[in-house]
Amino acid sequence: MSKNMSIDELRTLMNYVYHHHSPFYAKQGSRIIKYVDPHVDMRTGECFSITFRMYHGERSFYTTNEFRDAEPLYTRIMHWLVTGEEYAT
């Protein structure tokens, strides 16, 4: 299972999304994210799943057995946000 995202990483991610992909700050041609739905396990204080809802669709990231050898959740999401591509495992 890939590594969950810490609360500090989630805070950094939300700040990045707000300043680069929100409806008011996104540059023309970039992905515009309207809503973010994180799922946090309060037993560990880690985010294990997050969904980005955009004007035209949504994209979910999560840590499960299918992503056992995958990069950490934070790394995969930031790669997608910066490059627009899925992380090659």
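Residues numbered from 1 in each chain as written. Predicted model: local features only at pLDDT ≥ 70, side-chain atom pairs only at ≥ 80, totals over all residues. Heavy atoms only, no water.

Caption draft 1: Up close: the overall build of the protein chain. Looking only at helices and strands, the protein chain features two helices and four strands. Going from the N terminus to the C terminus, the protein chain shows its helices and strands as β-α-β-β-β-α. Pairs at least 24 residues apart make up 42% of the contacts formed inside the protein chain by residues separated by at least 6 positions. Carbon and sulfur atoms make up 52% of the accessible area of the protein chain, which amounts to about 5,900 Å² in all. (Helix = DSSP H or I, 4+ residues; strand = E, 2+ residues; numbered from the N terminus. Contact = heavy atoms within 4.5 Å. Areas by Shrake-Rupley, 256 points an atom, 1.4 Å probe, with all protein chains shown as cover.)

Caption draft 2: Region of the structure containing the environment of Ser49. With respect to the helices and strands, Ser49 occurs in strand E3 (residues 46-54). Take Ser49: its relative accessible area is 12%, and that puts it in the buried class. Setting aside its immediate chain neighbours within four residues, Ser49 contacts Asp37, Pro38, His39, Phe61, Tyr62 and Leu73. (Buried < 20%, exposed > 50% of the residue type's maximum accessible area, 1.4 Å probe, protein only.)

Caption draft 3: Structural view of the side chain of Asn4. Residue position: Asn4 is located in the segment before strand E1 (5-6). Here the side chain of Asn4 touches Thr63 through a polar contact of 2.7 Å, side chain to side chain. Those residues in contact with Asn4 that sit more than four places away from it in its chain are Glu9, Glu46, Cys47, Phe48 and Thr63. (Polar contact = N/O pair within 3.5 Å; in protein donor to acceptor, adjacent residues only side chain to side chain.)

Caption draft 4: A look at the packing of aromatic side chains. Tallied over the entire structure, the rule returns four aromatic pairs. The interplanar angle of 65° and the centroid separation of 5.2 Å between the aromatic rings of Tyr18 and Tyr25 together place this pair among those described as edge-to-face. By relative accessible area, which is 44% here, Tyr18 ends up partly exposed. Seen from their ring centres, Phe52 and Phe61 are 6.1 Å apart, and the 80° between their planes marks the pair as edge-to-face. On the accessibility criterion, Phe61 (2% relative accessible area) is buried. By the ring-pair criterion, three or more aromatic residues cluster together here, those being Phe52, Phe61 and Trp80. (Phe/Tyr/Trp six-rings, centres within 6.5 Å; stacked < 30°, edge-to-face > 60°.)

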